[in-house]
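# Breakdown of the fold
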Amino acid sequence: MFSFFKKKKKEEPKEEVELLEPAVTETEKEDEKKEDIETTKIIENNVENNVEEIIQEEEIQAVEKVIEIKEEVAEVKEEKKGFFSRALEKTFASIKTVVPMKKEKISFDDIEELLIEADVEYEIIEKAMDGLPEEITRKQLRHRLVMLFEHAPIIDMTNLPRPYVRLIIGVNGAGKTTTIAKLANKFKSEGSSVILGAGDTFRAAAIEQLSTWAEKIDVPIIKTKQGHDSSAVAYDTISSAVARNIDNVIIDTAGRLQTQTNLNNELKKIVKVCEKAQIGAPHQKLMILDGTQGNTAIAQARAFNEMVGIDGIIVTKLDGTAKGGALFSISNRLELPIFYVGVGEKQTDLIEFSPDDFVDSLLDEIYTEEK
C-alpha cells in the first residue's frame, strides 16, 4: 500500500551516438576539384562569350552608324552637286563648246580657253594654271581651282550670339529681298526663329515685297513707311528679337539713294545703331551679288566693302548666266567667303556654297571618271 513511497529507479544516462560522415577518399576529392574547375571554366567561357557578343554587337552598331552617316553625307553631296549642275547649266553649255567630249586628260590651251568662256578673269587663270603640264589631269586641275578659294577666311559658325544679326547689303535688282526670304525660310526649316527688318525705306516696293514674303513664310517683320529712318527700323527689329528671344535677325538695306555719299552715310549709320541695340551687332554684313553680272560685280562688292566692311558673299541668279566661273574671281579677288548660292525664285532655291562641290560639278562635265 505504500508503494508510491518507493524510490524511483535511477535512469541510466543515454549514450550519445556520434554520427560519423563517411570517409572521403582521395580519388573523390580529386574528382570534386575537377568538377569545380570544369564549372568555373564553363562560367568563365559563358562570361567571355557574352562579353564578346556584346562587343561585337556594339561594333556592328558603330559600323552601321558610320555607314549611315557616310550615306547621309554622300546624299547631301549629291544633292549639292545636283543643285550646282542646275545652277551652272548655261556655264556648262559654254565650256562644252571648247571640250564637247569628256576626256581623261585635257590640253593646257583648252583648259585656258574654257575658263575664259566661263568668265574667269585672265589673271586668275594664269595663277591657277602656272606650272601645269601640257596635258592636265582632273586631279591636277581640281587642286589648283579649289586653291583659288583658300584666301577667304574660315568663319566659325558655332556658339553664335542670340539674336544673330545679319545685315543684307547690295544694289537694287541683285535679288536682296528674295534672298532674305530664302535665308529666313532656311533658318526656320532648321528649327530656328527668325524676324525680318524692312530697312530699305527708300523704296515702297521693297517694304511691300518683304512684307509679302514674311506673310508667306510666316515670320514676323518690323517695318515703317517709305522715307522713314531705316536705322530706327534696324534698332526696333533687334530690340524686338531680344525681347521675344528670337534666334535670327535679317535686316534689309537700301541699294540706291540719291547719291553715293548718302548711301554710304545711311549704311554706316545703320551699322552704328545695330551696335547700340546689341553689342557686337551686326554679326554679319552679307553682300548680295547678281551672278549674271559676272566679274563686273567685283567692283560693286569693293565699293560696299570700303563703306562698311563686308563679311561674306551670296551669289544670286547663277542659273541665268554662263558666267559661273566668275565665282573664282569674286572669292579670290575680294578674299571673302561665298556663303550661299541662289537660283530661281522659290524660297528653297538657296544652298550653302562648297568650293569642293562647285569645282567637282564643273570637272564632271569635261573629265571622265578617275580610275
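Residues numbered from 1 in each chain as written. Predicted model: local features only at pLDDT ≥ 70, side-chain atom pairs only at ≥ 80, totals over all residues. Heavy atoms only, no water.

It is worth spelling out a negative patch on the surface at this point. Together, D109, E113, E117, E134 and E135 line one region of the surface with negative charge. Among the structural elements, E117 can be located in helix α3 (residues 108-117). Residue class for E117 comes out partly exposed when judged on its relative accessible area of 38%. (Patch = residues over 30% accessible without salt bridge, like charges linked within 9 Å, V, L, I, M, F, W, Y side chains within 5 Å. Areas by Shrake-Rupley, 256 points an atom, 1.4 Å probe, with all protein chains shown as cover. Salt bridge = Lys/Arg side-chain N within 4 Å of Asp/Glu carboxyl O. Lys, Arg positive; Asp, Glu negative; His and termini not counted. Charge placed at Lys NZ, Arg CZ, Asp CG, Glu CD. Helix = DSSP H or I, 4+ residues; strand = E, 2+ residues; numbered from the N terminus. Buried < 20%, exposed > 50% of the residue type's maximum accessible area, 1.4 Å probe, protein only.)

Next up on the list: the pairing of strand β8 (residues 312-316). Where burial is concerned, most of β8 is hidden: five out of the five residues are buried. Alternating positions in β8 separate into two faces, G312, I314 and T316 on one and I313 and V315 on the other, with burial throughout. Where strand β7 (residues 284-290) lies against β8, five bridges are found, and the strand directions are parallel. Looking across to β8, one finds that L286 is bridged to G312. Following the backbone out of β7, through helix α10 (residues 297-308) and into the adjacent parallel β8, one traces a crossover that is right-handed. (Pairing = 2+ DSSP bridges. Right-handed = clockwise from strand over helix to strand, strands pointing away.)

This part covers the sheet that holds strand β3 (residues 164-169). With mixed pairing, the eight strands of this open sheet are ordered in space as β5-β4-β6-β3-β7-β8-β9-β10. Of all strands in the sheet, those with a lone pairing partner are β5 (221-222) and β10 (350-352), marking the two edges. Bridge count for strand β4 (residues 194-197) against strand β6 (residues 248-252) is four bridges, and the pairing is parallel. Across the sheet, G197 pairs through a bridge with I251, a residue of β6.

Of all six residues in β3, six are buried; the element is thus mostly enclosed. Alternating positions in β3 separate into two faces, Y164, R166 and I168 on one and V165, L167 and I169 on the other, with burial throughout. The pairing of β3 with β6 spans five bridges and is classified as parallel. Each bridged residue has a counterpart across the sheet, and for V165 the counterpart in β6 is V249. In the sheet, β3 pairs with β7 via four bridges, with the strands oriented parallel. Bridge assignment links I168 to a residue of β7, and that residue is L286.

Compared with an ideal rise of 1.5 Å per residue, which puts 14 residues at 20 Å, helix α6 (residues 176-189) spans 20 Å between its outermost C-alpha atoms and is within 8% of the ideal. Here α6 lies mainly inside the structure; twelve of its 14 residues are buried. By the burial criterion, the buried members of α6 are K176, T177, T178, T179, I180, A181, K182, L183, A184, N185, K186 and F187. (Expected span 1.5 Å × (residues − 1).)

A volume near 710 Å³ is recorded for the largest pocket. I155, I338, F339, E352 and F353 are the residues nearest the centre of the largest pocket, which is lined by 26 residues in total. Looking at the lining of the largest pocket, the elements with two or more residues in it are α6 and β9 (338-342). (1 Å grid on protein atoms, 1.4 Å probe; cavity = no way out; pocket = protein on both sides within 12 Å on 5 of 7 lines; lining within 4 Å. Points joined across faces, edges and corners; volume = space filled by probe spheres on them.)

Let us look at unusual backbone geometry. Between R162 and P163 the backbone carries a cis peptide bond, its omega angle lying at -5°. Inspection of the secondary structure assignment puts P163 in the loop between α5 (138-147) and β3. Between A281 and the following residue, P282, the backbone shows a cis peptide bond with an omega angle of -5°. Following the sequence through the fold, P282 ends up in the loop between α9 (260-277) and β7. For N245, which is not glycine, the phi torsion reads 60° and is therefore positive. Inspection of the secondary structure assignment puts N245 in the loop between α8 (230-243) and β6.

A few words now on a nonpolar patch on the surface. A cluster of nonpolar side chains, I155, M157 and L160, forms an exposed patch at the surface whose accessible area comes to about 210 Å². Here M157 lies in the loop between α5 and β3.

With that settled, consider the packing of α3 against helix α4 (residues 122-129). One way to put it is that α3 packs onto α4 with a least axis distance of 10 Å and a crossing angle of 145°. The chirality of how α3 crosses α4 is right-handed. Listed contacts from α4 to F108, I111, E112, L115 and I116 of α3 are Y122, I125 and M129. Here the contact of α3 with α4 is built from residues that sort into seven nonpolar, no polar and one charged. (Axes fitted to C-alpha atoms, helices over the stretch in contact; angles between N-to-C directions. Left-handed = near helix turned anticlockwise from the far one by under 90°. Contact = heavy atoms within 4.5 Å. Nonpolar A, V, L, I, M, F, W, Y, C, P; charged D, E, K, R; others polar.)

Structurally, E365 can be placed in the segment after α12 (355-364). Under the relative-accessibility criterion, E365 is labelled buried at 17%. Discounting chain neighbours no more than four positions away, the residues touching E365 are F92, K96 and K102.

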